[in-house]
Structure formats: C-alpha cells, structure tokens
Amino acid sequence: MSEYSELLKRLDRRDLPQHIAIIMDGNGRWAKKRHLTRVKGHERGSKVVKYIVETAAEIGIKVLSLYAFSKENWNRPKEEVDALMQLLHRYLLTEGNNLIKNGIRLTVIGDLNSLSPKLRELITDVCERSRNNPKTRVVIALSYSGRYEIVEAVKSIIKDVQSGSLDSSVIDEQMFNGYLFTKDIPDPDLLIRTSAEKRISNFMLWQIAYTELYITKTLWPDFTKAEFLKAIINFQKRERRFGMTGDQLITQQIKSHGYPLNE
Ligand code: FPP
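Structure report, in brief. (Residues numbered from 1 in each chain as written. Predicted model: local features only at pLDDT ≥ 70, side-chain atom pairs only at ≥ 80, totals over all residues. Heavy atoms only, no water.)

### A closer look at the overall build of the chain
Okay, step 1: Regarding its fold elements, the chain presents nine helices and six strands.
Okay, step 2: For the C-alpha atoms alone, the extent of the chain along its principal axes is close to 60 × 55 × 35 Å.
Okay, step 3: For the chain, the residues scored as buried account for 48% of the 263 residues in total.
Okay, step 4: As displayed, the chain has an accessible area near 14100 Å², and 50% of this comes from carbon and sulfur atoms. (Helix = DSSP H or I, 4+ residues; strand = E, 2+ residues; numbered from the N terminus. Buried < 20%, exposed > 50% of the residue type's maximum accessible area, 1.4 Å probe, protein only. Areas by Shrake-Rupley, 256 points an atom, 1.4 Å probe, with all protein chains shown as cover.)

### As for the pattern of salt bridges
Okay, step 1: For the structure shown, the criterion picks out 18 salt bridges.
Okay, step 2: Taking the shortest distance from any N to any O, the salt bridge between glutamate 3 and lysine 230 comes out at 3.1 Å. Of the two residues, glutamate 3 sits in helix 1 (residues 3-10) while lysine 230 sits in helix 8 (residues 225-236), which places them 227 residues apart along the sequence.
Okay, step 3: On the basis of relative accessibility, which here comes to 45%, the residue glutamate 3 falls in the partly exposed class.
Okay, step 4: In this structure, the salt-bridge partner of aspartate 82 is lysine 78, at a minimum N-O distance of 2.6 Å. Here aspartate 82 pairs with lysine 78, and both are found in helix 4 (residues 78-101), just four residues apart, close to one helical turn. (Salt bridge = Lys/Arg side-chain N within 4 Å of Asp/Glu carboxyl O.)

### So, the nonpolar core
Nonpolar side chains tend toward joint burial in soluble globular proteins.
Okay, step 1: In terms of nonpolar packing, the biggest core is built from 50 residues, with Ile22 and Phe228 touching the most fellow members.
Okay, step 2: The dominant element in this core, judged by the number of residues it contributes, is helix 4, at eight residues.
Okay, step 3: Among residues more than four places away in sequence, those in contact with isoleucine 22 are Ile52, Leu64, Ser65, Leu66, Tyr67, Leu191, Ile192, Phe203, Trp220 and Phe228.
Okay, step 4: Among the nonpolar cores identified, the runner-up in size contains 13 residues, and Ile23, Val63, Tyr67 and Ala141 belong to it. (Core = buried A, V, L, I, M, F, W, Y, C linked by side-chain atoms within 4.5 Å. Contact = heavy atoms within 4.5 Å.)

### Brief notes about helix 8
Okay, step 1: Here helix 8 spans 17 Å end to end across 12 residues, near enough to the 16 Å set by a 1.5 Å rise per residue.
Okay, step 2: The element helix 8 is extensively covered by neighbouring structure, given that nine of its 12 residues are classed as buried.
Okay, step 3: Those residues of helix 8 not exposed but buried are Ala226, Glu227, Phe228, Leu229, Ala231, Ile232, Ile233, Phe235 and Gln236.
Okay, step 4: Residues of helix 8 that are buried in the fold lie against helix 1, strand 1 (19-23), helix 3 (38-59), strand 2 (63-70), strand 5 (190-193) and strand 6 (212-215). (Expected span 1.5 Å × (residues − 1).)

### Thoughts on the site of the ligand
Okay, step 1: Close to the ligand lie 19 residues, the nearest being Met24, Gly28, Arg29, Arg38 and Arg76.
Okay, step 2: Bound to the protein, the ligand loses 92% of the 630 Å² it would expose on its own.
Okay, step 3: When atoms are counted within 2 Å of each cavity's grid points, the one that captures over half of the ligand is the largest pocket.
Okay, step 4: At the level of elements, helix 2 (27-33), helix 3 and helix 4 are the ones that each hand at least two residues to the shell around the ligand. (Near = heavy atom within 4 Å. 1 Å grid on protein atoms, 1.4 Å probe; cavity = no way out; pocket = protein on both sides within 12 Å on 5 of 7 lines; lining within 4 Å. Sits in = over half its atoms within 2 Å of the grid points.)

### A closer look at the sheet that holds strand 6
Okay, step 1: The six strands are arranged 3-4-2-1-5-6 in an open sheet whose pairing can be described as parallel. The sheet is open, and its two borders are formed by strand 3 (105-109) and strand 6, each paired with just one other strand. Put simply, the sheet's adjacent strands are angled 20° from each other on average, direction ignored.
Okay, step 2: Sheet contacts for helix 3: strand 1, strand 2 and strand 4 (137-144); angle to strand 2, the most-contacted strand, approximately 160°. (Pairing = 2+ DSSP bridges. Axes fitted to C-alpha atoms, helices over the stretch in contact; angles between N-to-C directions.)

### Some thoughts on the layout of surface pockets
Okay, step 1: Space inside the largest pocket adds up to approximately 660 Å³.
Okay, step 2: Going through the elements one at a time, helix 2, helix 3, strand 2 and helix 4 are the ones with two or more residues in the lining of the largest pocket.
Okay, step 3: The residue inventory of the lining of the largest pocket, partitioned by class, reads 13 nonpolar, 10 polar and seven charged.
Okay, step 4: Taken as a whole, the second largest pocket spans an internal volume of roughly 540 Å³.
Okay, step 5: In terms of lining, the second largest pocket is formed by 25 residues, of which the most central are Asp189, Phe235, Arg240, Phe242 and Gln252. (Points joined across faces, edges and corners; volume = space filled by probe spheres on them. Nonpolar A, V, L, I, M, F, W, Y, C, P; charged D, E, K, R; others polar.)

### A closer look at unusual backbone geometry
Okay, step 1: Of note, serine 195 is a non-glycine position whose phi angle comes to about 75°, a positive value.
Okay, step 2: Topologically, serine 195 is positioned in the loop between strand 5 and strand 6.
Okay, step 3: A residue is classified by how much of its surface remains accessible, and serine 195, at 4% relative accessible area, is buried.
Okay, step 4: The phi dihedral of serine 201 falls on the positive side, at around 50°, and the residue is not glycine.
Okay, step 5: Note that serine 201 resides in the loop between strand 5 and strand 6.
Okay, step 6: Serine 201 gets classed as partly exposed once you look at its relative accessible area, which sits at 31%.

Spelled out as structure tokens, the structure:
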C-alpha cells in the first residue's frame with residue numbers, strides 16, 4: 001500500500017481543516033540545485049499545484065488558498081515575471097475546464113488591475129463559470145499583499161462612511177472582515193509553508209490571527225500528496241484554544257461535536 005493510502009486511513013474526516021492556505025516557496029532553490037533556470041522550478045511548481053488541488057477536492061477540503069504571486073514579486077527580473085504570468089495563463093487554460101467539471105470553484109484575489117487584460121479576462125471567465133460549484137473553493141492570490149488588502153478595505157470603509165451608506169459607529173472586526181477580498185471565505189485553519197522559511201511574507205495578515213502554522217523544509221516542487229496529508233494529520237493533533245483554557249475548550253468541543261476532538 002502506498003504511503004498516501006496509509007495516511008488517508010489515518011485522516012480524521014470529522015475534523016478536517018475547512019480552509020488550508022499554502023505559501024508555495026522554494027521553486028528557485030529546487031531549480032538551482034539541478035542547474036536549471038528558475039522558470040523550470042516554477043513550471044514544476046505549477047504541476048504540484050494541479051495535484052494538490054485535486055487532492056484537496058478528493059478529501060473534501062472546503063477552501064484551498066494558494067499564494068501564487070505577491071505584489072512584491074513584480075520586482076523580480078522581467079523574464080521571470082513574464083514566465084510566471086504565462087504559467088498562470090496556461091494553468092487556467094488547461095485546467096479551467098477540469099476545475100469546472102470537477103465541481104471546483106475558482107476565486108482570484110489581489111490587485112487584479114495590475115494584470116494584463118488577457119489574463120484578467122481568462123480569470124473572470126473561469127471564476128464566473130465556476131461560481132456555483134459546490135466542492136472545494138480554490139483561491140489563488142495573485143499580485144496580492146496582505147497590507148494592500150487591509151489598506152484597500154480601509155479606503156472602501158472611508159468612502160462608504162463619507163457617502164453616508166455606512167455608519168462609523170458600527171465598525172467592528174466582523175464588519176471590517178466584510179471589506180476584505182476574502183469576505184465570504186472562512187479564515188484559514190492551517191497555513192502550510194514549504195522550503196523551511198519561517199515567514200508570513202505578507203500573506204492574509206488579517207485572516208491568519210488564529211491559524212495553525214505548518215512549516216516543512218520540502219521545497220514546493222517536491223511537495224507530495226502524502227506530505228499534504230501529513231500536514232493535515234499534524235494539524236488534527238493540535239489543540240486550538242482561541243484564547244480559552246484547555247478545560248473550556250473540551251466543554252465547547254463536546255457541545256458542538258458531541259465528543260472531545262483530541263482524545
Ligand atoms: C516562490 O518560490 C514561488 C513563487 C513566487 C511562485 C509560485 C508559483 C507557482 C507554484 C506556479 C504557478 C502557480 C499556479 C497557481 C499555477 P521562489 O521562486 O521564491 O523560490 P526560492 O525562494 O527558492 O527562490
């Protein structure tokens with residue numbers, strides 16, 4: 001039996017993280033180790049995206065967010081930026097119909113105005129055609145930065161207060177959340193970062209307040225379906241307290257699930 005099938009049996013289907021976010025890092029180092037161009041690392045990385053999306057859908061993960069390109073990544077050499085944009089274009093062209101056929105919904109978040117009109121058009125097309133799909137929601141963060149998202153939310157709130165459509169006295173965390181790109185998406189339960197870096201790199205800064213972190217030294221192009229399951233199994237062993245005591249947590253779990261989750 002393969003490692004993946006073994007791990008699948010150990011997965012607690014009653015306690016899956018609803019939302020998994022991934023910082024896919026290490027494409028460049030993977031390529032360098034093999035004396036290949038960085039672009040080859042990204043190419044291999046986009047193949048990994050394909051099977052991790054499939055795996056997430058297969059096991060019933062509700063939301064999978066992938067950090068594909070940050071606003072800071074625009075500063076990379078032009079040929080690398082162009083190649084990454086082409087890869088994203090190719091992924092949507094070749095995988096768009098598969099995603100739709102398999103009940104997956106695509107959402108893209110970030111500063112989409114900075115993308116080429118052609119890529120924007122393709123994104124709108126796949127997002128629109130998949131919008132009623134009930135299975136996994138794949139969120140691709142593209143030209144994204146957490147600070148940018150927060151500043152944009154603040155600007156929209158000010159606009160709405162000035163126009164009179166929003167009363168400033170009702171501003172609270174929940175309302176603020178409604179102004180983010182992720183307004184209709186639950187916060188990530190688990191954030192995976194590959195390639196051993198212990199950084200958040202401006203990803204979903206607001207949303208990860210209580211997210212569990214899983215950092216692996218595996219480079220993204222080497223990340224396997226089995227390691228994805230390992231990350232989830234590791235998550236399932238953790239005690240998420242959200243500021244409560246351990247006893248309060250158990251009482252709450254019994255109330256909502258009928259049993260304590262980590263016994
Ligand atoms: C970080 O590795 C990775 C990126 C900046 C790009 C991620 C893109 C992909 C995985 C492929 C395309 C995505 C989709 C959704 C089809 P790095 O280049 O910073 O690696 P390094 O730190 O080793 O140099």
